[in-house]
Amino acid sequence: MEKTIKIGDKRIGPDCPAFIVAEMSGNHNMDFDRAVEILKAAREAGADAVKIQTYTADTITLDCDAPCFQITQGTLWDGITLHRLYQTAYTPWEWQPRLKEIAEDMGLVLFSSPFDFSSVDFLEEMDVPAYKIASFEITDIPLIRKVARLGKPVILATGIARLADIELAVQTCREEGNHQVILLKCCSAYPTPYEDVNLRTIPHMAEAFDCLTGLSDHTMGTAVATGAVALGARMVEKHMTLRRSDGGPDAAFSMEPQEFREMVDNIRILEKALGKVSYDLSDKQVREREHSRSLFVARDMKAGEVFTPENLRSVRPADGLHTRYYEQLLGRRITRDAGLGTPMSWDLVGD
């Protein structure tokens, strides 16, 4: 495994902040200015990158009304053909070089998902820094092989993949000498029910395939994405739109900018809290430890009196002997007079 993968000027790895991607998809609603506004919103919301999609209806499917081309899987898009859906959802290719320039001027990385050989060639002319293979293309081995040969990071979404599909896709990349693979746990349901996410797959996938892993998330809200980072996700991708009420093919399960900002903030807080494996105490904890328990004289005592549960107690603060000596001291005699609140010390203990 490549321990650290670089996409643009961003490093992705075990010791790096999670790489957070805003997926534009079809949320531009065929309006270039709106696409630019989504870029701006992504930057302001704390995204590291924006991902787009490079296809046309004719490069991704056939203009055919046969039953198998009808969408009938219980999705948001049931009742139309694949070709008609993609006619409304694609990002015009003539926009894409300009969107990349604008994104980079903002400090964002922009990359894309290709869906056929011609889109890979087009994106290479744009010099994108990475390629994402969408969930439904993880079974397109010729496409994966062509992308892997380019020597750039390959991000594989696993939304409809069986274990054997993932194995074959990763193997194909490695056969081409490309070990810069990131696997994204994904559930291709829009939106995804929480109980179908199975975030525990993320660390298992990292170990099984010796890859960096992440999450392509279609759930509503921020909880799942934040939890994924706690389980080791090094990349998080969420769809973003300006306003869900504006409509569009993916709007219903996309985040609005303030929600995306909340997600980013929660992830960054979580990363601070995750820290490292440590049993050291912070300076504040060392000071607070002064209020932990220890042994004190709990009643006024005269020299020679015997220590009993009534006059020897474990209380806060920590100025006296450690509580581990409590039983050892019971039945022994105090060496001198001591008042209530005297911290126990060995010079107070006689036979």
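A short tour of the structure in this document, coming up. (Residues numbered from 1 in each chain as written. Predicted model: local features only at pLDDT ≥ 70, side-chain atom pairs only at ≥ 80, totals over all residues. Heavy atoms only, no water.)

## Re empty space enclosed by the protein
Gaps left between atoms are located by rolling a probe of water-molecule size over the structure's atoms.
Part 1: Applying the stated criterion across every chain, the model contains one cavity of 30 Å³ or more.
Part 2: Here the largest cavity is characterised by a volume of approximately 40 Å³.
Part 3: Taken together, Lys-185, Cys-186, Cys-187, Thr-192, Val-197, Leu-215, Ser-216, Asp-217, His-218 and Thr-219 make up the full set of residues lining the largest cavity.
Part 4: Examining the composition of the lining of the largest cavity, we find that three residues originate from one element, strand 9 (residues 212–217), more than from any other.
Part 5: Class assignment of the residues belonging to the lining of the largest cavity gives a composition of four nonpolar, four polar and two charged. (1 Å grid on protein atoms, 1.4 Å probe; cavity = no way out; pocket = protein on both sides within 12 Å on 5 of 7 lines; lining within 4 Å. Points joined across faces, edges and corners; volume = space filled by probe spheres on them. Helix = DSSP H or I, 4+ residues; strand = E, 2+ residues; numbered from the N terminus. Nonpolar A, V, L, I, M, F, W, Y, C, P; charged D, E, K, R; others polar.)

## Comments concerning the nonpolar core
Part 1: Ranked by size, the top nonpolar core spans 57 residues in total, and within it Leu-39, Leu-156, Val-170, Leu-183, Met-240, Phe-260 and Met-263 carry the most contacts.
Part 2: When residues of this core are assigned to their parent elements, the largest contribution, six residues, is made by helix 1 (residues 32–44).
Part 3: If we ignore the near neighbours within four places in the chain, the residues touching Met-240 are Ala-22, Glu-23, Met-24, Asn-27, Ile-38, Ala-41, Ala-42, Ala-45, Ser-254, Met-255, Pro-257 and Phe-260.
Part 4: Counting residues in hydrophobic clusters, the runner-up holds 14 residues, among them Ile-12, Val-21, Val-109 and Ala-130. (Core = buried A, V, L, I, M, F, W, Y, C linked by side-chain atoms within 4.5 Å. Buried < 20%, exposed > 50% of the residue type's maximum accessible area, 1.4 Å probe, protein only. Contact = heavy atoms within 4.5 Å.)

## Concerning the packing of helix 9 (residues 223–230) against helix 10 (residues 257–274)
Part 1: Here helix 9 crosses helix 10 at 25°, and the two axes come no closer than 9 Å. Relative to helix 10, helix 9 is oriented roughly parallel. Between helix 9 and helix 10 lies a crossing whose hand is right-handed. Residue-level contacts link Ala-225, Thr-226, Val-229 and Ala-230 of helix 9 to Met-263, Asn-266, Ile-267, Leu-270, Glu-271 and Leu-274 of helix 10. (Axes fitted to C-alpha atoms, helices over the stretch in contact; angles between N-to-C directions. Parallel < 35°, antiparallel > 145°, perpendicular 65-115°, else oblique. Left-handed = near helix turned anticlockwise from the far one by under 90°.)

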